[in-house]
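Tertiary structure, described
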Amino acid sequence: MASVQGGGGGPRNLLQFLRLVGQLKRVPRTGWVYRNVQKPESVSDHMYRMAIMAFVTEDKHLNKDRCVRLALVHDMAECIVGDIAPSDNIPKEEKHRREKEAMKRLTQLLSEDVKKEIYDLWEEYENQSSVEAKFVKQLDQYEMILQAFEYEDLENKPGRLQEFYDSTAGKFSHPEIVQLVSELTAERNAKIATGTSEPHP
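Residues numbered from 1 in each chain as written. Predicted model: local features only at pLDDT ≥ 70, side-chain atom pairs only at ≥ 80, totals over all residues. Heavy atoms only, no water.

Helices and strands together make up the secondary structure of the protein chain, namely ten helices and zero strands. On C-alpha atoms alone, the protein chain measures out to a radius of gyration of 18 Å, which is about the 17 Å that the 2.2 N^0.38 rule sets for 201 residues. Every one of the 201 residues in the protein chain was classed for burial, and the buried ones make up 43%. Within the protein chain, contacts between residues separated by at least 24 positions form 67% of all contacts whose residues are at least 6 apart in sequence. When the accessible surface of the protein chain is split by element, carbon and sulfur atoms take 54% of a total near 11,300 Å². Taking the 28 positively charged and 33 negatively charged side chains of the protein chain as two groups, their mean positions are separated by 5 Å. (Helix = DSSP H or I, 4+ residues; strand = E, 2+ residues; numbered from the N terminus. Rg over C-alpha atoms; globule rule 2.2 N^0.38 Å. Buried < 20%, exposed > 50% of the residue type's maximum accessible area, 1.4 Å probe, protein only. Contact = heavy atoms within 4.5 Å. Areas by Shrake-Rupley, 256 points an atom, 1.4 Å probe, with all protein chains shown as cover. Lys, Arg positive; Asp, Glu negative; His and termini not counted. Charge placed at Lys NZ, Arg CZ, Asp CG, Glu CD.)

Set out below in structure tokens:
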């Protein structure tokens, strides 16, 4: 990974920040790697669809702009620390410590205002300290099971990635996401029942 030097904004540091964040395009999502998924998505793939999900929410009680920003920032530290999965058996406190250190190093490269905004958003998500952060956490979980469904579909192996669904049991409460989960589950169960996925065009 690239080293982080200097701090405080300016084109050189901004370029360094952008190159570091660009690493997210090349950090595969560990859960898929461990399950031998072919061509697993990157962390930035995951964050992009989460940001789109936040953008298209119909919930007028949420600050949509804030949700999009939270989605774009929530896994940013992984450009330095990598994607630490539960099966890596790294304690939650240690994972948080590493990611906090990474976010401090990353945001040092930005001007004071942007540095504070990005770091504060990351912390808000980590601490689940707002309704928006809680919503985006559920988007994170839903995006994962949607991706699991798509991999099952691509591999024509319905039900292969069941453990990802099991890990999200009871974690959805936002009505909009609950409906999406219900829709996805119905489609997935139908494919499991017939034992085949629809052929792709």
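Here the narrative resumes, following the displayed structure.
With that settled, consider helix 10 (residues 175-194). Its 20 residues give helix 10 an end-to-end C-alpha distance of 29 Å, which sits within 8% of 28 Å, the value for a rise of 1.5 Å per residue. For helix 10, the elements touching its buried residues are helix 8 (131-155) and helix 9 (162-166). Trailing helix 10 by a residue or two, glycine 195 shows a phi angle of about 75°, which is positive. (Expected span 1.5 Å × (residues − 1).)

It is worth spelling out the UniProt feature "domain: HD" (unreviewed entry) in the protein chain at this point. Under the feature "domain: HD" (unreviewed entry), the UniProt entry names residues 43-145. The distance from the first to the last C-alpha atom of residues 43-145 is 15 Å, and the span holds 72% helix and 0% strand. (UniProt positions renumbered as here; feature names shortened; annotations may be inferred.)

Counted as a void, the largest pocket has a volume near 1,100 Å³. Ile84, Pro86, Lys95, Lys137 and Gln141 are, among the 33 residues lining the largest pocket, the residues nearest its centre. Its residues assigned to classes, the lining of the largest pocket shows nine nonpolar, ten polar and 14 charged. (1 Å grid on protein atoms, 1.4 Å probe; cavity = no way out; pocket = protein on both sides within 12 Å on 5 of 7 lines; lining within 4 Å. Points joined across faces, edges and corners; volume = space filled by probe spheres on them. Nonpolar A, V, L, I, M, F, W, Y, C, P; charged D, E, K, R; others polar.)

Turning our eyes to something else, we now look at the nonpolar core. Judged by nonpolar contacts, the single largest core of 50 residues is most densely connected at Trp32, Met103, Leu106, Val136, Tyr142 and Ile145. A total of eleven residues in this core trace back to one element, the largest contributor, which is helix 8. Leave out the neighbours within four places in its chain, and valine 136 touches Met50, Cys67, Leu70, Ala71 and Tyr125. (Core = buried A, V, L, I, M, F, W, Y, C linked by side-chain atoms within 4.5 Å.)

A few words now on the packing of helix 4 (residues 64-73) against helix 7 (residues 112-127). Interaxial distance between helix 4 and helix 7 falls to 9 Å at its minimum, and their mutual angle equals 90°. Taken together, the axes of helix 4 and helix 7 lie roughly perpendicular to each other. Taken together, the residues of helix 7 that come into contact with helix 4 (itself represented by Arg66, Arg69, Leu70 and Val73) are Glu117, Ile118, Leu121, Trp122, Glu124 and Tyr125. Across the contact of helix 4 with helix 7, the residue classes tally to six nonpolar, no polar and four charged. (Axes fitted to C-alpha atoms, helices over the stretch in contact; angles between N-to-C directions. Parallel < 35°, antiparallel > 145°, perpendicular 65-115°, else oblique.)

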